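# Structure at a glance
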Amino acid sequence: YMIQRRRALGGCIPKRRIRSRRPLTLPDPSVFVGLSKGSQGREISTTMAHTNLLRDLMRDAAFGPRVVPIIPDEARTFGMDSLFREFGIYAPFGQLYEPVDHELLLSYSEGTDGQLLEEGITEAGSMSSFIAAGTSYANLGVPMVPFFTFYSMFGFQRVGDLIWSAADSRARGFLMGATAGRTTLHGEGLQHQDGHSLVHFGTVPNCISYDPTYGYEIAVIVQDGLKRMFGDQENVFYYITVMNENYPQPALPNEAQAGILKGMYRLRSARRSRKAAPRVQLLGSGAILGESLAAADLLEEDFDIQADVWSVTSFNELSREGRTTARWNTLHPEEEQKTNYVTQCLKEEKGPVIAATDYVANYADQIRAFVPQHYVVLGTDGFGRSGTRAQLREFFEVDRYYIAVAAIKALADDNTVPSSTVSDALSRYGINSNKPNPVHS
């Protein structure tokens, strides 16, 4: 009798059987074109780019109703109040009160047919909604696509167990860590400044994590994520950081898509190429990529040093690919050995490599074994504090001046320039050599 019952249930080993009662139609590729074109000179944040993409996805006739936007708190901070009126906030009994912002065009608007889940200040409740929506493809046969947007500082460290539960449940969807980075949020101090969430998410085996700088990078990542999760049926989910700093959003460079998804691509070559001049490779990520670009200008203008700049969208993915390649080589010693992607990118490049991110140094240090050159990492180790972005980046030693000095010091260590050039740079940029270490400040 027990064997008969087990057979009726599908066998003695539990198995997830997905019955797609309502298949999901992926959005039309045109949805992603807007971010790919850039902001045409306007300064916007990647948080706003994310909100614009989310709106366009929700407007897609076939795909839009399957999107589940989840916000625990601070929707206005994220610029997501523009969704209130158009899509509504779900409330099972409708709106039973007059909101304090009722006179505003973008007022708080609840309804029984609302699409946004405005959960209140509860990351645990919001993450539970994410799991419910993210597993509905299997539990209900109706694929849903959750986008859970939260303060990145209040994500993993508050609901880490539930994130692991989502991973174990094979949930699919996007976790959007807003106002991400240690120095990107004006004046918020220790409470909000996140310098470690990407390290945390990198420990979850089936979480794909990215730290994009530009809207077109977000568009490429989300489009590929939808294909992998709901087209190819991969059991993965995504963590993507977005920032609130405004700057011009460029258009998608030609042939950059593959590098964006793998984790790095050359954003800009040295402006003036001279064989005799020293050269460095600057790796920038997220909020600090702009500082790497500015550092490249300083090096060329002040010291005649050439600098190539790379956008690193994910040190986590680069590290995973490198370790996967090393494992394959170990288990196949007599076959032609493979080369990891980081080494492929940098092996023909000249000069030391300097990586700078808005996260603790361990985040970028993960790829050290795969960088063929002298490798230097700058990160934001230490407690957060209040201040302007410029003050915070100077305090944590990840601004353009510290990046330039780190590059010159690496060249001096490689005997390419004299040590006195480092002293000249420290003096020129007003850097106090006796400044306290931010880790202990």
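Right above here is the structure, for reference.
Rules and cut-offs
- Residues numbered from 1 in each chain as written.
- Predicted model: local features only at pLDDT ≥ 70, side-chain atom pairs only at ≥ 80, totals over all residues.
- Heavy atoms only, no water.
- Helix = DSSP H or I, 4+ residues; strand = E, 2+ residues; numbered from the N terminus.
- Rg over C-alpha atoms; globule rule 2.2 N^0.38 Å.
- Buried < 20%, exposed > 50% of the residue type's maximum accessible area, 1.4 Å probe, protein only.
- Contact = heavy atoms within 4.5 Å.
- Areas by Shrake-Rupley, 256 points an atom, 1.4 Å probe, with all protein chains shown as cover.
- Lys, Arg positive; Asp, Glu negative; His and termini not counted.
- Charge placed at Lys NZ, Arg CZ, Asp CG, Glu CD.
- Expected span 1.5 Å × (residues − 1).
- Pairing = 2+ DSSP bridges.
- Axes fitted to C-alpha atoms, helices over the stretch in contact; angles between N-to-C directions.
- Right-handed = clockwise from strand over helix to strand, strands pointing away.
- Core = buried A, V, L, I, M, F, W, Y, C linked by side-chain atoms within 4.5 Å.
- Patch = residues over 30% accessible without salt bridge, like charges linked within 9 Å, V, L, I, M, F, W, Y side chains within 5 Å.
- Salt bridge = Lys/Arg side-chain N within 4 Å of Asp/Glu carboxyl O.
- Parallel < 35°, antiparallel > 145°, perpendicular 65-115°, else oblique.
- Nonpolar A, V, L, I, M, F, W, Y, C, P; charged D, E, K, R; others polar.

### Digging into the overall build of the protein chain
Across its full length, the protein chain holds 17 helices and 15 strands. Computed over the C-alpha atoms, the radius of gyration of the protein chain is 24 Å, within 12% of the 22 Å expected from 2.2 N^0.38 for a compact globule of 441 residues. Overall size of the protein chain, expressed as C-alpha extent along the three principal axes, is 80 × 65 × 40 Å. The buried share among the 441 residues of the protein chain stands at 55%. In the protein chain, of all internal contacts separated by at least 6 residues, the share reaching a separation of at least 24 is 77%. When the accessible area of the protein chain is evaluated, it comes to approximately 19800 Å², of which 50% is carbon and sulfur surface. With 44 positive and 50 negative side-chain charges, the protein chain shows a spacing of 8 Å between the two charge centroids.

### A word on helix α11 (residues 289–303)
An ideal rise of 1.5 Å per residue puts 21 Å on 15 residues; α11 measures up with 21 Å between its terminal C-alpha atoms. Most of α11 sits inside the fold, with 11 of its 15 residues counted as buried. Buried within α11 are the following residues: Leu289, Glu291, Ser292, Leu293, Ala294, Ala295, Ala296, Leu298, Leu299, Glu300 and Phe303. Residue aspartate 304 follows α11 closely and has a positive phi angle near 55 degrees.

### Some details on the sheet that holds strand β11 (residues 264–268)
Read across the sheet, five strands follow the order β11-β13-β12-β14-β15 without closing on themselves; strand pairing throughout is mixed. Taken across any chain shown, the strands that pair with only one partner, and hence form the sheet edges, are β11 and β15 (375–378). In this sheet, neighbouring strand axes are inclined to one another by 25 degrees on average, regardless of whether the strands run parallel or antiparallel. Where strand β14 (residues 353–356) lies against β15, four bridges are found, and the strand directions are parallel. In the sheet register, alanine 356 faces β15, and the bridge partner there is leucine 378.

### Description of the pairing of strand β7 (residues 174–178)
The buried fraction of β7 is high, at five of five residues. In β7, alternate side chains face the same way, and those of Phe174, Met176 and Ala178 on one face and Leu175 and Gly177 on the other are all buried. Summarising the sheet, strand β6 (residues 145–151) and β7 pair through five bridges and their orientation is parallel. Counterpart to phenylalanine 148 in the pairing with β7 is leucine 175. For the segment spanning β6, helix α7 (residues 156–168) and β7, crossover handedness is right-handed. Looking at chain direction, β7 and strand β9 (residues 237–241) are connected through four bridges and run parallel. Paired with phenylalanine 174 across the strands is tyrosine 238, a residue of β9.

### Details of the nonpolar core
Counting residues in hydrophobic clusters, the biggest one holds 89 residues, and the most contacted among them are Leu57, Phe174, Val222 and Leu282. Top element by residues in this core is helix α16 (residues 400–413). It accounts for 10 residues. Not counting chain neighbours up to four residues away, the residues in contact with leucine 282 comprise Ser292, Ala295, Ala296, Leu299, Ala307, Asp308, Val309, Trp310, Ile354, Ile403 and Ala407. Membership of the second largest hydrophobic core comes to 42 residues, among which are Phe315, Val342, Leu346 and Val353.

### With respect to a nonpolar patch on the surface
Judged by side-chain polarity, Phe93, Leu96 and Tyr97 come together as a nonpolar surface patch covering roughly 410 Å² of accessible area. Given a relative accessible area of 68%, phenylalanine 93 falls into the exposed group.

### Comments concerning the packing of α16 against helix α17 (residues 419–428)
In contact at an axis separation of 8 Å, α16 and α17 are set at 170 degrees when each is read in the N-to-C sense. On the basis of the axis angle, α16 is roughly antiparallel to α17. Where α16 abuts α17, its residues Val405, Ile408, Lys409 and Ala412 lie against Ser419, Thr421, Val422, Ala425 and Leu426. Per-class residue counts for the contact of α16 with α17 are six nonpolar, two polar and one charged.

Shape is all these values report; function is a separate question.
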